[in-house]
Amino acid sequence: MSQTNAMELVEKLYGTKRREGLEKYSVQHPRDVVDYCFLHLQKDNIRIIRLLNVAILHDVVEDYAQEGYTVERVQSLVGLGPKEARLLDLIARKEDP
């Protein structure tokens, strides 16, 4: 399976859908999330990239898990490492059983 980057996956899934309750496209939301990740406080560029990927992808897992975009699938598609996948699993909201 060929890998994609986080924003390519977000753009593919959300396309031109509008963010519920907001006057903007859903694809713009990950950029807002990134603005509030305080990445400028990090000194380790590899860590910044890992955090950036997780920030961008958390909505994919929240919004598309029912369609098969689980943490494991997203990890495989984007090539996330185990630490990133664990963090993604921790921060992505889950449906109540």
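Counting of residues starts from 1 at the beginning of each chain's written sequence and follows it residue by residue. At least 70 in pLDDT is required for a residue's local features to be given in this predicted model, at least 80 for side-chain atom pairs to be given and counted, and no such filter applies to totals for whole chains, interfaces and linings, which use all residues. Side-chain numbers here rest on the full set of heavy atoms in the structure, without hydrogens or water.

Draft legend 1. Focus on the side chain of His58. In this text, helices come from DSSP runs of H or I with a minimum length of four residues, and strands from runs of E with a minimum of two, each type numbered from the N-terminal end. Along the chain, His58 turns up in helix H3 (residues 45-64). Within 3.5 Å is the distance limit for a polar contact, defined as a pair of N or O atoms, with the added protein rule that one can donate a hydrogen and the other accept it, and that residues adjacent in sequence qualify only through two side-chain atoms. Within the local environment of His58, its side chain forms a polar contact with the side chain of Asp59, the two groups lying 3.3 Å apart.

Draft legend 2. Spotlight on the packing of H3 against helix H5 (residues 82-91). Orientation is described by axes fitted as lines to C-alpha atoms, over the contacting stretch for helices, and by angles from 0 to 180 degrees between their N-to-C directions. With their axes 9 Å apart at the nearest point, H3 and H5 run at an angle of 45° to one another. One element, H3, and the other, H5, form an angle in the oblique class. Both H3 and H5 take part in a crossing whose hand is right-handed. In this structure, H3 uses Arg50, Leu51, Asn53, Val54, Leu57, His58, Val61 and Glu62 to contact H5, whose residues at the interface are Glu84, Leu87, Leu88 and Ile91. Amino acid classes used here: Ala, Val, Leu, Ile, Met, Phe, Trp, Tyr, Cys and Pro are nonpolar; Asp, Glu, Lys and Arg are charged; the rest, including Gly, are polar. Tallied by class, the residues present in the contact of H3 with H5 amount to 7 nonpolar, 2 polar and 3 charged. Under this scheme an angle from 65 to 115 degrees is roughly perpendicular, one under 35 degrees roughly parallel, and one over 145 degrees roughly antiparallel; angles in between are oblique. Here a crossing is called left-handed whenever its near helix is offset anticlockwise from the far helix by less than a right angle, and right-handed whenever the offset is clockwise. A contact between two residues is defined here by any heavy atoms of the two lying within 4.5 Å.

Draft legend 3. Representation of the confidence of the model for the chain. For every residue, the predictor states its confidence as a pLDDT score lying anywhere from 0 to 100. On average, residues of the chain score 81 in pLDDT, and 82% of them reach the 70 mark or higher. Per-element confidence in the chain is highest for helix H4 (residues 71-78), whose mean pLDDT is 93, and lowest for helix H2 (residues 29-35), whose mean pLDDT is 71.

Draft legend 4. Layout of the packing of H4 against H5. It is the contact of H4 with H5, at a shortest axis distance of 10 Å, that shows an interaxial angle of 140°. The angle between H4 and H5 places the two elements in the oblique class. Of the two elements, H4 crosses H5, and the hand of that crossing is right-handed. When H4 is examined against H5, the residues Val71, Val74 and Gln75 are found in contact with a partner set consisting of Pro82, Ala85, Leu88 and Asp89. For the contact of H4 with H5, the residue count by class is 5 nonpolar, 1 polar and 1 charged.

Draft legend 5. A look at H3. Under the convention used throughout, the expected extent of a helix is 1.5 Å for every residue step, that is, one less than its residue count. In a regular helix each residue adds 1.5 Å, so 20 residues correspond to 28 Å; H3 covers 29 Å between its end C-alpha atoms and thus fits that length. Along H3, the helix axis deviates most sharply at Leu57, where the bend reaches about 35°. Only protein chains enter the calculation, and the probe is 1.4 Å; a residue is then buried if its accessible area is under 20% of its type maximum, exposed if over 50%, and partly exposed in between. For H3, every residue scored as buried is listed here: Ile48, Asn53, Val54, Ala55, Ile56, Leu57, His58, Asp59, Val60, Val61, Glu62 and Tyr64. Sitting at the head of H3, Asp44 places a side-chain oxygen 3.0 Å from the backbone nitrogen of Ile46. At any given residue, the bend is defined as the angle formed between two axes, one fitted to the seven residues that end at that position and one fitted to the seven that begin there.

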